[in-house]
Structure formats: C-alpha cells, structure tokens
Amino acid sequence: MQREAGLNAKGYSEKDEKRILDALGRGLLREFPNPDRAGCPGSAVLKRIASHEMPLAEAEKWLDHLTSCSPCYRDFSQLQVAYQHRRTRAFLAIAASILIAACLAGWALFLRHNEPLRTQTALLDLRNRSIPRGTELNPSEEPLEIARNVSHLEIYLPLGSSDGDYGIRISGPEGKVLFVTRGIAKMQQGITSLAADVNLSSARPGLYILQLQKADSGWTSYPLRVR
Ligand SMILES: [Zn+2]
C-alpha cells in the first residue's frame, strides 16, 4: 500500500526507517550495560572506526561487540557525530576558500579588464616653444614626456596658434608612424588647447616625435619621450 512518496523496496519510508534505527539505537544504549567494559576495544579503535580510518575488513571483528555493548555503542555514536561535524566543517572551509579564491580571481580580472578604460590624461605644454618649421627637430629642445598608459592628451599649443582642426601624429625616430588622430583646438582664456584620445600601449619606452598639422600647413615636430 502506497502511503507516501519515498517508500523503499521493503514498503516503509526513509522516515520510518530512521525511526526504527533510532529506536534500535536507544535500545542499544540501554540494553547491554557493561560496567566492567569487558572485551571493549578501547577508544582509539572506536575513533578509527568512526572516522573511517580503519579498513572495513579490520573493523568487522568489532561490529558484533559494538551492537552488544551499550557503553561502546554510546562512545561510537558520539565519535561518529563528532566526525560528521568535522567533515562538514572541513567541507565548508574548502568551499569557502574556493569561493574566496573565485571572488579574488574575478575581481582581478575585472580590474585588469577595466584598466584601459581608466582615462590617464597627460598635459603637454607647448606654449613657450617656438613654432618649429618643417619636420626637422631642434636637437637642443627638451623632449616632452608622457607615460605609455596615457589615453588622453591635452596639448597647449604654442602661443599664437590658431584654433580649428589639427592632425596629430606620433612617430618613431626612423619615421615609422605609431599613432595618428585628429583633434579640434579651442581658444580659451588666451590658451589654444588641443585634446585627443591616444593609444600608445604597443609603444616601447623611448624617444618619439609628436607632430601637429594645422589644415593645409606643414607638420611641426616636437621630441617626445614615452616612459
Ligand atoms: Zn564495549
């Protein structure tokens, strides 16, 4: 007769089974007093059986005793509960450390992934530089400096520069163009400033040339050190 879900082959549920085992256990705890502990294996053996350290073949010879000696059965039950708690704690500790490691890895990935998105602005001040003629560099001129991770340039153009559309170019000493973009220069409070996003992540540290071009004029060049 089907009474509830979870019936096993013998016709009673796991709940029934647990009730029977509990009743047997209560019986075992009372029915076999052994005040002299005659034939008891000792707590070291009980502990090894409870924590599954002893192979079953070796533990077999004690099983009859454990089910016919109330003090041993009581000790064994307590050791088994303690072992289950330790195992649960160890499992939770491992699960927690895996979770923490996963969180840290995720966070590191997030930081690395978002690094290029953080805007690093460099200000290049050319106001006191003369407007050079042609692409020739003045060898005595102090190089401008920017870091490799700079993603945005704010360029103060030489005094007297006009506003409007500019071409911006960064090239290597041997003339290889590393980066090209355009920007709009605006005049504000006497400063003509030109802004542009750049990407120098592939550049090696060293000396480069920053070149600017207004409309149809020629390129003007400034030494630029990328750190
Ligand atoms: Zn015993």
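Numbers given for residues are sequential positions, taken from 1 along each chain in its written order. It should be noted that, the model being predicted, local features are given only for residues of pLDDT at least 70 and side-chain atom pairs only at 80 or more, the latter also being counted only at that level, while totals for whole chains, interfaces and linings use all residues. The side-chain numbers reported here are obtained from all heavy atoms of the structure, hydrogens and water having been left aside.

Caption draft 1: Region of the structure containing the overall build of the protein chain. In this description a helix means any DSSP run of H or I spanning at least four residues, a strand means any run of E spanning at least two, and both kinds are numbered starting from the N terminus. The helix and strand tally for the protein chain stands at four helices and eight strands. Along the chain direction, N to C, the helices and strands of the protein chain fall in the order α-α-α-α-β-β-β-β-β-β-β-β. Contacts in the protein chain between residues far apart in sequence, at least 24 positions, make up 64% of those at least 6 positions apart. Approximately 15400 Å² of the protein chain is accessible, and the part contributed by carbon and sulfur atoms is 56%. Residue contacts are counted whenever heavy atoms from the two residues lie within 4.5 Å of one another. All accessibility values rest on the Shrake-Rupley procedure with a 1.4 Å probe; residue burial counts only the protein chains present in the view.

Caption draft 2: Highlighting the packing of helix H2 (residues 43-50) against helix H3 (residues 56-66). Remark: H2 packs on H3, axes separated minimally by 11 Å, with the N-to-C direction vectors making an angle of 110°. Between H2 and H3, the angle falls in the class roughly perpendicular. Two secondary-structure elements touch here, H2 through Val45, Leu46, Arg48 and Ile49 and H3 through Glu58, Ala59, Trp62 and Leu66. For the contact of H2 with H3, the per-class residue count stands at six nonpolar, no polar and two charged. Axis angles are defined between N-to-C directions and span 0 to 180 degrees, where every axis is a line fitted to C-alpha atoms and, for a helix, only to the segment in contact. Small angles under 35 degrees read as roughly parallel and large ones over 145 as roughly antiparallel, with 65 to 115 read as roughly perpendicular and the rest as oblique. Gly is placed with the polar residues, together with every amino acid not listed as nonpolar (Ala, Val, Leu, Ile, Met, Phe, Trp, Tyr, Cys and Pro) or charged (Asp, Glu, Lys and Arg).

Caption draft 3: The side chain of Thr192, seen in detail. Relative to the helices and strands, Thr192 is located in strand S6 (residues 191-197). Throughout this description, buried means an accessible area under 20% of the type-specific maximum (1.4 Å probe, protein chains only), exposed means over 50%, and partly exposed covers the range between. Thr192 sits in the buried class, given a relative accessible area of 4%. Polar contact criterion, stated in full: a pair of N or O atoms within 3.5 Å, where within protein one must be able to donate a hydrogen and the other to accept it, and residues adjacent in sequence count only if both atoms are side-chain atoms. There is a polar contact of 3.0 Å between the side chain of Thr192 and the backbone oxygen of Ser161. Residues within four places of Thr192 in sequence aside, it is in contact with Ile155, Tyr156, Leu157, Ser161, Ser162, Asp163, Ala185, Lys186 and Met187.

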